[in-house]
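Structural features, examined
Single-letter residue listing:
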Amino acid sequence: MVFVTSEALDLVTLVRFGARGALIEHRTAVALDSIQNTAPRGIRVMPDGRGYVLTTTHGFPYGELLRATIAADSNPVMNQPPDTLTAREPVGDLPTAVDVTANGELAWVTNTGADRVSGKGSVSIVYLGAMTEAARIATCAGASGSRLTADGTHHYSVCTAENALVEIDAGEMALARRLTIPASAAETGDSVSCGPEAVDVSRDGTRIFVACGNSGEVVEVDAARWVVTRRTAIAGGVTQLAVTRDGRVVVVASRDSQAVVIIETSTGRETGRIATARHAPAAVVTSPDDKFAFVVVAGRAGEVGRVMMIDLAAARLVAAIDVAPRATAIDFWKVEASPRPK
């Protein structure tokens, strides 16, 4: 079961995938007033599975973090009640990605900044118990991505305009290191900047993976040595990525080729490519058992969005379902036993 956000209609949709394919369980409206939409951009399910947090790029003044409680009786029948919004907290300008500590106490929100080219982005740390911003750390222009290590000791984000990876010491709540990602050589002989748009980290915290939007590469960084160890070119470019828990596979959303690409981390070899059919894939998450990838496709203009379920071992699409237009983010909720057919 996964949650999907949609900017166009201010919705969070709960999607179930199982033996009977994919279906929508319920939708939750997250509009806070009738004057402007909230434009949800990022979502993260709480570790206890009882709720989630999501970022909005509209609100007071230019973005907020919202918290919701998941409907307790979500189950495989239609017309279930929606989730309940319980709290909100203003953060920095244009918050996008969000992650939550394993104990569920803190949310780490990356704020792109009002001007993603020259303006400074930041990372807001929100204490979820009181729903209060505890700290805001200035990072870089075009801040994007938000990922904590599994042990909660470090946080990573990237700087689209500055071609950099940023590490924050989570305990100290302070900048620890910054790595400028070198430009790559194009076929013309010119150098092409990375233009990082997303980041993920292996479960053991030893490897960091960066999605380079400009150069169309997945860049792997050794966390201990703080150096680039591999660059994997992706035909069609890179928008987002997700690393499986076993660290063997990186699932890449390719914007220009409108495809999902499966990369073997040990070799950097492409082992599968699945067309998304509609526009560019916007976000991707893998299941805890590393068997499936769930991909969100935004849809063009007023087209509906779509959630695609991909079997990673077979590298093929196994199910898909339409959701509200301009689907933007996705996160995994839980696995539960399927009910027996009547």
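Keep in mind that this is a model prediction, so the values were computed, not measured.

A short note on unusual backbone geometry
- The phi angle at Ala39 is positive, at roughly 55°, despite the residue not being glycine.
- Relative to the helices and strands, Ala39 resides in the loop between strand E3 (21-29) and strand E4 (40-45).
- Residue class for Ala39 comes out buried when judged on its relative accessible area of 2%.

Describing the confidence of the model for the protein
- Averaged over all residues, the pLDDT of the protein is 90; the fraction at 70 or higher stands at 90%.
- Within the protein, no element has a lower average pLDDT than strand E16 (residues 184-185), which sits at 80, and none a higher one than strand E14 (residues 164-169), at 98.

Regarding the environment of Ala277
- With respect to the helices and strands, Ala277 occurs in the loop between strand E25 (269-275) and strand E26 (281-286).
- Along the sequence, Ala277 and Ala259 sit 18 residues apart, while their C-alpha atoms lie 7.7 Å from each other.

A look at the pairing of strand E1 (residues 2-6)
- Burial analysis of E1 places five of its five residues in the buried class, which makes it a mostly covered element.
- Where E1 meets strand E30 (residues 327-332), five bridges bridge the pair, whose relative direction is antiparallel. If you follow Phe3 over to E30, its bridge partner there is Asp331.
- Pairing between E1 and strand E2 (residues 11-18): five bridges, direction antiparallel. Pairing of Phe3 across the sheet is with Leu14, part of E2.
- Connecting E1 to the next strand, E2, in antiparallel fashion are four residues, including Asp10 with a positive phi near 55°.

Side note on the state of the cysteines
- Overall, the coordinates contain two disulfides when judged by the stated rule.
- Disulfide pairing places Cys140 opposite Cys159 at an S-S distance of 2.1 Å. Measuring handedness by torsion sign, the sulfur bridge of Cys140 and Cys159 sits at about -90° and is left-handed. Within this pair, whereas Cys140 is found in strand E11 (residues 132-141), its partner Cys159 is found in strand E13 (residues 154-159), the two being separated by 19 residues in sequence. The pair Cys140 / Cys159 is uniform in exposure class, with both members buried.

Criteria and cut-off values
Residues numbered from 1 in each chain as written. Predicted model: local features only at pLDDT ≥ 70, side-chain atom pairs only at ≥ 80, totals over all residues. Heavy atoms only, no water. Helix = DSSP H or I, 4+ residues; strand = E, 2+ residues; numbered from the N terminus. Buried < 20%, exposed > 50% of the residue type's maximum accessible area, 1.4 Å probe, protein only. pLDDT = per-residue confidence, 0-100. Pairing = 2+ DSSP bridges. Disulfide = S-S within 2.5 Å.

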